[in-house]
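Each chain is listed here by its residues.
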Amino acid sequence: MNDLDEPDRLHSAHVPIRRGYFRKLEWWKPTPARRVLVLAWTCDCQARFYELCQSGGLAFIRRTVQKDEEPEIAETHRWSVRQGWATWFDLLTGEVR
């Protein structure tokens, strides 16, 4: 499916293509949480999309890779909300991946 298939679809931010230097995030299996608030997200029109989440007063980034069988989900470790937003900004500008 592409943009022409859904002309009225609203898109969220897209993570830029990796170019040059970037810091690599460590990805872990999802940690069970009672409540998770999604603060920001990237567009799910791509095979890989990200969400900035908050749970228990801490922030983390969730990565979802859409696959045929079932999605592959991974999360970063938890940071303060301020550090979570800073890392989210770095993700959207191609500084981390």
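So, a few notes on the structure that sits alongside this text. (Residues numbered from 1 in each chain as written. Predicted model: local features only at pLDDT ≥ 70, side-chain atom pairs only at ≥ 80, totals over all residues. Heavy atoms only, no water.)

1. Details of the nonpolar core
Item 1. One finds Leu25, Trp27, Tyr50, Leu52, Ile61, Trp88 and Leu91 to be the most contacted residues of the largest nonpolar core, which totals 13 residues.
Item 2. Among the elements of the structure, β2 (48-55), β3 (58-65) and α1 (81-92) are those that each provide at least two residues to this core.
Item 3. In this view, Leu52 contacts Leu37, Val38, Leu39, Ala40, Ala59, Phe60, Ile61, Gly84, Trp85 and Trp88; residues no more than four positions away in its chain are not counted. (Core = buried A, V, L, I, M, F, W, Y, C linked by side-chain atoms within 4.5 Å. Buried < 20%, exposed > 50% of the residue type's maximum accessible area, 1.4 Å probe, protein only. Helix = DSSP H or I, 4+ residues; strand = E, 2+ residues; numbered from the N terminus. Contact = heavy atoms within 4.5 Å.)

2. A few points about the environment of Lys29
Item 1. Within the secondary structure, Lys29 is located in the segment before β1 (37-41).
Item 2. Here Lys29 falls in the exposed class, since its relative accessible area comes to 73%.
Item 3. Distance in space between the C-alpha atoms of Lys29 and His77 is 9.9 Å, their sequence separation being 48 residues.

3. Thoughts on the pattern of salt bridges
Item 1. One pass over the full model with this rule turns up five salt bridges.
Item 2. The shortest N-O distance in the salt bridge between Asp90 and Arg23 comes to 2.9 Å. With Asp90 in helix α1 and Arg23 in the segment before β1, the pair connects residues that are 67 residues apart, well separated along the chain.
Item 3. We classify Asp90 as buried; its relative accessible area is 16%. (Salt bridge = Lys/Arg side-chain N within 4 Å of Asp/Glu carboxyl O.)

4. Some remarks on the environment of Lys24
Item 1. For Lys24, the position within the fold is in the segment before β1.
Item 2. A relative accessible area of 72% places Lys24 in the exposed class.
Item 3. A sequence separation of 71 residues divides Lys24 from Glu95, and the C-alpha atoms of the two residues are 8.7 Å apart.

5. Observations concerning the pairing of β3
Item 1. The buried count for β3 comes to seven of eight residues, which makes it a mostly enclosed element.
Item 2. Joining the antiparallel neighbours β2 and β3 is a turn of two residues, in which Gly56 adopts a positive phi near 60°.
Item 3. Relative to strand β4 (residues 72-75), β3 runs antiparallel, the two sharing four bridges. Following the sheet pairing, Arg63 is matched in β4 by Ala74. (Pairing = 2+ DSSP bridges.)

6. Observations regarding the packing of aromatic side chains
Ring pairs (aromatic) are described by centroid distance and by the angle formed between their planes.
Item 1. This model, assessed by the stated rule, comprises one aromatic pair.
Item 2. When the ring of Trp27 is compared with that of Tyr50, the centres are 6.0 Å apart and the planes differ by 40°; the resulting orientation is tilted. Taken together, the residues span a long stretch of sequence, with Trp27 in the segment before β1 and Tyr50 in strand β2 at a distance of 23 residues. For the pair Trp27 and Tyr50, one class covers both residues: buried.
Item 3. One cation-aromatic arrangement involves Arg78 over Phe60; the distance from NZ or CZ to the ring centre is 3.7 Å. (Phe/Tyr/Trp six-rings, centres within 6.5 Å; stacked < 30°, edge-to-face > 60°. Lys NZ or Arg CZ within 6 Å of the ring centre and 35° of its normal.)

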